[in-house]
Amino acid sequence: MTAKLRKNLTTLYATVFGGFLFIFSIIVGAGGLLSIYNERVEEIQLLARQVAREQRGVVIYHYKQPNLPPEERPIQDDYDITGQVFYYILDTNNQLIKVDQPVPVLREAVLAEITNWNPGKITRFTSITLPNGSIATVLLTARPISYEGNVIGAVYVGRDVTAYSRVLVRIVMILILVDLLFILLAALLGHLLAGRVITPIEESIEKQKRFVADASHELRAPLTVLLTSIEAIEMDEENKLSAFSKEVITDVKEEFYRIKRLITQLLALARADADNATLTRESFSFDLIATPVLQVLRTPAEYKKIDISLIMPEPIEITGDMERIHQLLYILVDNGIKYTPFGGVVTVKVDKTSAGGVKYARIIVEDNGPGISPEFQERIFERFFRLDKARSRNIDGSGLGLSIAKWIVDAHRGKIYVKSTLGKGSQFVVLIPDY
Ligand code: ADP
């Protein structure tokens, strides 16, 4: 249980620390990337304004003399310090007026982009797949040139930002890696912290378990002595006791049996908690346990006129701890008889089934008793949980039977659940794997 608590605490710490660091790095990273992006965009827009201003005369000249050939004039000297900037000046018919071309591998794609320029967006990033398969990124911006109130052309300025974008991608990758490292660190830290928190809890749970185990163990011996003594009085003085005393002795004996059963159950659970209960694993025929269980419980069943029966279409082998599975079947059939009203039916069915590639022996204990409402169908397996106090008041029980049953099934790596309809009855299904 504490292992689960530690795991939950570790997950909680890791989520909180990791989440916090993750959000922090996202904010820092995204902020950094955004400012780099904005800087690049502003830079190119500024450059476009500058080119448009300085080249306006050329465009107007071309506007007035439309048949001039395009002029190729590098702008490196004027604008481009890094050698990555290029520009195109086009008239309104997409005729080239003046150009400083980018590196040859980019030319075709860039020209296609600017001749089909979508005026909705002034500045854009374009990815171009190069012949060697790698991706180049180009930042493009447009600036119209007007003359006497008419647009007569446009300046398109571009910049090869492949190197930048590669750096950005690398930064993002580093950020993700750092985040993963953070989360890992947070999980480690969480695990250590959870360990510190859990140690005192573990110690106190351990003490409590030891106390229950020791107390149950110590109580069992004197109780057995008391029970034997009462039985001795009962036998020895049978004829001399008054009717009242006999009644008292019967009541006391019954109470002792109850306490003894409770202590045996507590001890079983304490041992289960301390992992002291070792399971033996053997293959045995189901009727080796079903016959004696039904035999013993036939008396209380007959008392309530309950019909108990076993349905086993073929001999079924079970692999597990015979004594524990006997105990499990006893708990389920005993509950069936206890909670089913006079004249009811309790049936034990057993067969083989398989789920998820695993073969199971399936034991079903079915009754036509009061049923269990859906909200309690899981809770009945909790310790000391008794459903509907009014219903259970007159029925002998401690609320431990099903938790022991569940422990036995879990220890066999099996499954136990209940299917039930209020007013119609319950079906307890147990699956014990064949390994
Ligand atoms: P108890 O000692 O009270 O029988 P269990 O752990 O065996 O404790 O069962 C827990 C509760 O589940 C019972 O108190 C009862 O209310 C409910 N329950 C168990 N078996 C049945 C059943 N066959 N039909 C209806 N209710 C049941």
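Residues numbered from 1 in each chain as written. Predicted model: local features only at pLDDT ≥ 70, side-chain atom pairs only at ≥ 80, totals over all residues. Heavy atoms only, no water.

1. Considerations on the side chain of H412
Just so we agree on the cut-off: Secondary structure follows DSSP: runs of H or I at least 4 residues long count as helices, runs of E at least 2 residues long count as strands, and numbering of each begins at the N terminus. Exposure categories follow from relative accessible area, calculated using a 1.4 Å probe and restricted to protein chains: below 20% of the type maximum is buried, above 50% is exposed, and the middle band is partly exposed. Throughout this description, a polar contact denotes any pair of N or O atoms lying within 3.5 Å of each other; where both atoms belong to protein, one of them has to be capable of donating a hydrogen while the other can accept it, and for residues adjacent in sequence the pair is counted only when both atoms sit in side chains.
Among the structural elements, H412 can be located in the loop between α8 (401-411) and β12 (415-421). Judged by relative accessible area, H412 falls into the buried class, the value being 1%. Within the structure, the side chain of H412 is placed 2.8 Å from the backbone oxygen of I408, a separation counted as a polar contact.

2. Overview of the pairing of strand β10 (residues 345-355)
Quick reminder of the rule: Paired strands are those between which DSSP finds at least two bridges.
Looking at chain direction, strand β8 (residues 307-311) and β10 are connected through five bridges and run parallel. Counterpart to I308 in the pairing with β10 is V346. The turn joining β10 and strand β11 (residues 358-367), which pair antiparallel and follow one another in sequence, is formed by two residues; a positive phi near 55 degrees is taken by G356.

3. Things to note about the site of the ligand
To be explicit about the condition: Near is defined per residue: the residue qualifies when any heavy atom it owns lies within 4 Å of the molecule or strand. To measure how exposed things are, a 1.4 Å probe is used in the Shrake-Rupley method; for residues, cover is taken only from the protein chains shown. Under the grouping applied here, Gly and all other residues not named as nonpolar or charged are polar, the nonpolar ones being Ala, Val, Leu, Ile, Met, Phe, Trp, Tyr, Cys and Pro and the charged ones Asp, Glu, Lys and Arg.
Looking at the ligand, there are 19 residues lining it, with N335, Y339, D367, R386 and L402 nearest. K338 places a side-chain nitrogen or oxygen 3.0 Å from an oxygen atom of the ligand. A distance of 2.8 Å is found between an oxygen atom of the ligand and a backbone nitrogen or oxygen belonging to S398. Burial of the ligand by the protein amounts to 99% of the accessible area it has alone, namely 530 Å². For the shell around the ligand, the elements supplying multiple residues, two or more each, are α6 (322-339), α7 (389-393), α8 and β13 (425-433). Looking at the shell around the ligand, the element that brings in the most residues is α6, giving three residues. Here the shell around the ligand is built from residues that sort into eight nonpolar, seven polar and four charged.

4. Observations concerning the packing of aromatic side chains
Here is the rule we go by: For Phe, Tyr and Trp, where Trp contributes only its six-membered ring, two rings pair if their centres lie within 6.5 Å, and the inter-plane angle classes them as stacked under 30 degrees, edge-to-face over 60, or tilted in between. Charge-over-ring contacts are defined here by two conditions on Lys NZ or Arg CZ: a distance within 6 Å of the ring centre and an angle within 35 degrees of the ring normal.
One pass over the full model with this rule turns up seven aromatic pairs. Centroid distance F86 to Y88: 6.3 Å. Interplanar angle 85 degrees. Geometry classified as edge-to-face. Note on accessibility: F86 and Y88 belong to one class, buried. The positively charged end of R124 is found above the aromatic ring belonging to W117, 3.8 Å away from the centroid.

5. Section: the sheet that holds β12
What counts here: Every axis corresponds to a line fitted to the C-alpha atoms, with the helix fit spanning only the stretch in contact, and the corresponding angles, defined between N-to-C directions, vary from 0 to 180 degrees. Two residues form a contact once any of their heavy atoms are found within 4.5 Å.
The mixed open sheet is built from five strands, whose spatial order is β8-β10-β11-β13-β12. For this open sheet the edge positions go to β8 and β12, each flanked by a neighbour on one side alone. Here the strands of the sheet are splayed against their neighbours by 20 degrees on average, with no regard to which way each runs. Relative to β11, β10 runs antiparallel, the two sharing 10 bridges. Bridge pairing in β11 links V346 to D367. Along the sheet, helix α5 (residues 287-303) contacts β8 and β10; its crossing angle with β8, the most-contacted strand, is approximately 165 degrees. Contacting β12 and β13, α8 crosses the sheet at an angle of about 135 degrees to β12.

6. Quick notes on α5
Operational definition: In this scheme, a helix's expected span is set at 1.5 Å multiplied by one less than its residue total. Think of it this way: the bend at a residue is just the angle between two axes, each fitted to seven residues, one set ending at that residue and the other starting at it.
For α5, with 17 residues, the first-to-last C-alpha span of 24 Å sits near the 24 Å given by 1.5 Å per residue. Its maximal kink placed at L297, α5 deviates by approximately 40 degrees, while the proline P300 follows within four residues. Among the residues making up α5, those that are buried are I289, A290, V293, L294, L297 and A301. Directly after α5, the chain includes K305, whose backbone phi takes a positive value near 55 degrees.

7. Observations regarding the packing of α5 against α6
How we decide: Roughly parallel means an angle under 35 degrees; roughly antiparallel, over 145; roughly perpendicular, 65 to 115; everything else is oblique. Two helices crossing with the near one rotated counterclockwise from the far one by less than a right angle form a left-handed crossing, whereas a clockwise rotation gives a right-handed crossing.
At a closest axis distance of 10 Å, the pairing of α5 and α6 adopts a crossing angle of 30 degrees. Considering their axes alone, α5 and α6 lie roughly parallel with respect to each other. The element α5 and its partner α6 pack so that their crossing is right-handed. Contacts from L288, I289, A290, P292, V293, L294, V296, L297, P300 and A301 of α5 reach α6 at M322, I325, H326, L329, Y330, V333, D334 and I337.

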